[in-house]
Amino acid sequence: MTLGEHLDPDLIPDRAELLIIVASEEDARALAPLGRPGASDEPVRPVLVATGPDPLGVDAALDDLDAPAGRLLILDGPAEGWAEEAARLVVRLDALVAGEPPAGVVVRGGSEAALAAARCAVAVGVPLLHLPVPAADGRAAATGAAIAGLAAWQSSPEGGLPYPTEIDLLVHRRLTPAGARPRHAGDPNVVRMPAGRARSSLSA
């Protein structure tokens, strides 16, 4: 099944969005190539989502990497511990994913934001792609394993969704260092924002 067959064409005026969850400055450095202009014939339009415990820092890092975020999810004040952070992220990400279901969701590693987005994607039936990375600690390793399990279940006979091959190919092609493509200011996917642009949050 292709992305075109999976999605309702009446709900997609142009190319459907592929949400890329960026939860840290490390994620920003790794995933920035996905936010830069790509080929016009790509089946989806990658959109970087700056989130995590410091979404403004992630957003600034993406700007510095010439890969501006398309969404900015701000928590309601600082979270006291990972559990509160996770709970708030689930509410924000569920509103984002379920409100206008994208073509897919891409998460990296084992952050709380990645797990929240993965759970929301699986609940809504949106294709999920997990990019594993070496874990910094036991909790990140366990969270990453949980995300990998969700992604594997989704494309199993019980989950019922095909493996998101087109998304996988697009993501890995863009993230491959060799053959980097030039960026053009006239490309319609390039977003030029003034340095003091207003930052909006997504309300659940």
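Up top you'll find the structure we're talking about.
Cut-offs and rules
- Residues numbered from 1 in each chain as written.
- Predicted model: local features only at pLDDT ≥ 70, side-chain atom pairs only at ≥ 80, totals over all residues.
- Heavy atoms only, no water.
- Helix = DSSP H or I, 4+ residues; strand = E, 2+ residues; numbered from the N terminus.
- Buried < 20%, exposed > 50% of the residue type's maximum accessible area, 1.4 Å probe, protein only.
- Contact = heavy atoms within 4.5 Å.
- Areas by Shrake-Rupley, 256 points an atom, 1.4 Å probe, with all protein chains shown as cover.
- Core = buried A, V, L, I, M, F, W, Y, C linked by side-chain atoms within 4.5 Å.
- Pairing = 2+ DSSP bridges.
- Axes fitted to C-alpha atoms, helices over the stretch in contact; angles between N-to-C directions.
- Right-handed = clockwise from strand over helix to strand, strands pointing away.
- Expected span 1.5 Å × (residues − 1).

### Structural notes on the overall build of the chain
Line of reasoning, step 1. The number of helices and strands found in the chain is seven helices and five strands.
Line of reasoning, step 2. Secondary structure elements in the chain, listed N-terminal to C-terminal, are α-β-α-β-α-β-α-β-α-β-α-α.
Line of reasoning, step 3. Out of the 204 residues belonging to the chain, those deemed buried represent 42%.
Line of reasoning, step 4. Counted over contacts in the chain with a minimum sequence separation of 6, partners at least 24 positions apart contribute 69%.
Line of reasoning, step 5. For the chain, the accessible area works out to roughly 10400 Å², and carbon and sulfur atoms hold 56% of it.

### Regarding the nonpolar core
Line of reasoning, step 1. Counting 26 residues, the largest nonpolar core has Ile21, Leu93, Val105, Val107 and Leu128 as its most contacted members.
Line of reasoning, step 2. Listed by contribution, the elements that provide at least two residues to this core are β1 (16-22), β2 (44-50), α4 (82-99), β4 (104-108), α5 (112-124) and α6 (138-154).
Line of reasoning, step 3. Looking at this core, the element that brings in the most residues is α5, giving nine residues.
Line of reasoning, step 4. Setting aside chain neighbours within four positions, we find Val107 in contact with Ile21, Ala114, Ala117, Ala118, Leu128, Leu129, His130, Leu131 and Ile147.
Line of reasoning, step 5. In this structure, Ala28, Ala61, Leu131 and Val171 belong to the second largest nonpolar core, which totals 24 residues.

### Concerning the environment of Gly70
Line of reasoning, step 1. On the secondary structure map, Gly70 appears in the loop between α3 (55-64) and β3 (71-72).
Line of reasoning, step 2. The sequence separation of Gly70 and Val49 amounts to 21 residues, and the corresponding C-alpha distance is 6.0 Å.
Line of reasoning, step 3. Those residues in contact with Gly70 that sit more than four places away from it in its chain are Val47 and Leu48.

### Structural notes on the sheet that holds β2
Line of reasoning, step 1. Taken in spatial order, the five strands of this open sheet run β3-β2-β1-β4-β5, and their pairing is parallel. Looking at which strands have only one partner, the edges of the open sheet turn out to be β3 and β5 (128-131).
Line of reasoning, step 2. Note that β1 and β4 share three bridges and pair parallel. Looking at the pairing, Leu19 lines up with Val105 of β4.
Line of reasoning, step 3. Relative to the sheet, α4 contacts β1, β2, β3 and β4, its axis offset from that of β1 by approximately 165°.

### What about unusual backbone geometry?
Line of reasoning, step 1. If you check the backbone angles, Asp66 has positive phi at about 60° while not being a glycine.
Line of reasoning, step 2. On the basis of relative accessible area, Asp66 is assigned to the partly exposed category, the value being 30%.

### Digging into the pairing of β1
Line of reasoning, step 1. Within β1, six of the seven residues are buried, which leaves it mostly tucked inside the rest of the structure.
Line of reasoning, step 2. Two strands pair when backbone bridges link them, and β1 and β2 are joined in this way by seven bridges, in the parallel orientation. Counted as the bridge partner of Leu19 is Val47 from β2.
Line of reasoning, step 3. This β-α-β element, β1 to helix α2 (residues 25-31) to β2, shows right-handed connectivity.

### Concerning the environment of Ala121
Line of reasoning, step 1. Take Ala121: it is sitting in helix α5.
Line of reasoning, step 2. What makes Ala121 buried here is its relative accessible area of 0%.

### With respect to α4
Line of reasoning, step 1. With 18 residues, α4 extends 25 Å from end C-alpha to end C-alpha; this agrees with the ideal 26 Å at 1.5 Å per step.
Line of reasoning, step 2. Along α4, the positions that sit buried rather than exposed are Glu85, Ala86, Leu89, Arg92, Leu93, Leu96 and Val97.
Line of reasoning, step 3. The secondary structure elements touched by the buried residues of α4 are β1, β2, β3, β4 and α5.

### Topic: the environment of Ala113
Line of reasoning, step 1. Residue placement: Ala113 occurs in helix α5.
Line of reasoning, step 2. Its relative accessible area of 1% is what places Ala113 among the buried residues.
Line of reasoning, step 3. In the structure, Ala113 is positioned 28 residues away from Glu85 in sequence and 8.5 Å away in space, judged by C-alpha atoms.

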